[in-house]
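Working through the structure, step by step
Residue-level listing of the chains:
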Amino acid sequence: MASALASSRCVSSVAGLAVAAKPAAMTGPRVVAPRAALPSFKKIAQTAGVSVATLAVAFSANAANIKMGGDGGELAFIPSSVNVSAGETITFTNNAGFPHNIVFDEDAVPAGVDAGALSHDDLVNAKGDVVTITLTKAGEYEYYCEPHQGAGMTGKITVS
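Residues numbered from 1 in each chain as written. Predicted model: local features only at pLDDT ≥ 70, side-chain atom pairs only at ≥ 80, totals over all residues. Heavy atoms only, no water.

What the protein contains, in helices and strands, is two helices and 12 strands. Listed N to C, the secondary structure of the protein is β-β-β-α-β-β-β-β-β-α-β-β-β-β in terms of helices and strands. Among the 160 residues that make up the protein, the fraction classed as buried is 25%. Restricting to contacts in the protein with at least 6 residues of sequence separation, those with at least 24 account for 64%. When the accessible surface of the protein is totalled, it reaches about 10,400 Å², and 59% of it is carbon and sulfur. (Helix = DSSP H or I, 4+ residues; strand = E, 2+ residues; numbered from the N terminus. Buried < 20%, exposed > 50% of the residue type's maximum accessible area, 1.4 Å probe, protein only. Contact = heavy atoms within 4.5 Å. Areas by Shrake-Rupley, 256 points an atom, 1.4 Å probe, with all protein chains shown as cover.)

Here is the structure:
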C-alpha cells in the first residue's frame, strides 16, 4: 500500500485504485483559545514532576505503618516484620486488643543504641492513637508489647 502527498491533496492507492481526497471545506468560524489560556506542555510536565516528587517524599518519609492489634482482635503487630531505610519514620497505630505499648529489647538492637530511649513504655489506650519513631542506625531492632509479650506480640524492624 503506497500513499503520496501532493500539495493539499492526498492520493492513496489501494489494490490498484486511485482515490483523491480534498480537504474538507470549513463550514463555520474556527475558534482558537488564546495562547496564554492554554497551559504549555512544559508547564504541565513541571507540575506533574513536582507532584510525583512530593508524593515520593511523602511516602519515603513514612516508610512503615504497623497496626497494634489485628483487625480480628489478634494480639500482634501487623505486619510483624518491616524493612526501612535509616531516617525513615515508622508509625504504630493502635487498632484492637489494647492497651499496647512498644518496648525495644535492649539485647536485640544495634550496639550503641539506647533501647530505653526508643521505647514507648506508656500504654496506648484508644483506637487510632499513633506513636511514631525514626531509626537512624542500620541493623535489626526487635520490640514487643509488654502486656501481650506472653501472647507473642513481638516485632522486628530491619534498618538498612
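We are not done yet, so read on.
Further remarks concern the UniProt feature "binding site: Cu cation" (unreviewed entry) in the protein. Mapped onto the present numbering, the UniProt feature "binding site: Cu cation" (unreviewed entry) falls at H100, C145, H148 and M153. The annotated residues occupy 54 residues of the chain but converge on a single region, no pair of C-alpha atoms lying more than 9.5 Å apart. Position of H148 relative to the elements: it lies in the loop between β11 (139–144) and β12 (154–159). Judged by its relative accessible area of 13%, H148 falls in the buried class. Every residue in contact with H148, bar those within four places of it in the chain, is listed here: L75, G97, P99, H100 and M153. Looking at the element boundaries, M153 is found in the loop between β11 and β12. (UniProt positions renumbered as here; feature names shortened; annotations may be inferred.)

Read across the open sheet, the five strands follow the order β6-β12-β11-β8-β9; overall the sheet is mixed. Edge positions in the sheet fall to β6 (81–84) and β9 (120–124), since each of these pairs with one other strand and no more. Averaged over all pairs of adjacent strands, the angle between their axes in this sheet comes to 20°, without regard to strand direction. In the sheet, strand β8 (residues 100–104) pairs with β9 via two bridges, with the strands oriented antiparallel. When the bridges of β9 are listed, H100 appears paired with V124. (Pairing = 2+ DSSP bridges. Axes fitted to C-alpha atoms, helices over the stretch in contact; angles between N-to-C directions.)

Before going further, it helps to spend a moment on the nonpolar core. Counting 23 residues, the largest nonpolar core has F77, I90, F92, F104 and I157 as its most contacted members. At the level of secondary structure, the elements contributing two or more residues to this core comprise β4 (62–68), β6, β7 (89–94), β8, α2 (115–118), β10 (130–134), β11 and β12. In terms of residue count, the dominant contributor to this core is β4 (three residues). Those residues within four positions of F104 in sequence are excluded, and the remaining contacts are V109, A115, L118, S119, I133, Y141, E142, Y143 and I157. (Core = buried A, V, L, I, M, F, W, Y, C linked by side-chain atoms within 4.5 Å.)

Turning to the pattern of salt bridges, a few remarks are in order. As a working rule, side chains carrying opposite charge can pair if their charged atoms are close by. With the rule as written, the count across this model stands at two salt bridges. One salt bridge connects D71 with K67, and the closest N-O pair in it is separated by 2.9 Å. The partly exposed category is assigned to K67, whose relative accessible area is 32%. In this structure, K156 engages E140 in a salt bridge whose closest nitrogen and oxygen atoms are separated by 3.7 Å. Of the two residues, K156 is situated in strand β12 and E140 in strand β11; the sequence distance between them amounts to 16 residues. (Salt bridge = Lys/Arg side-chain N within 4 Å of Asp/Glu carboxyl O.)

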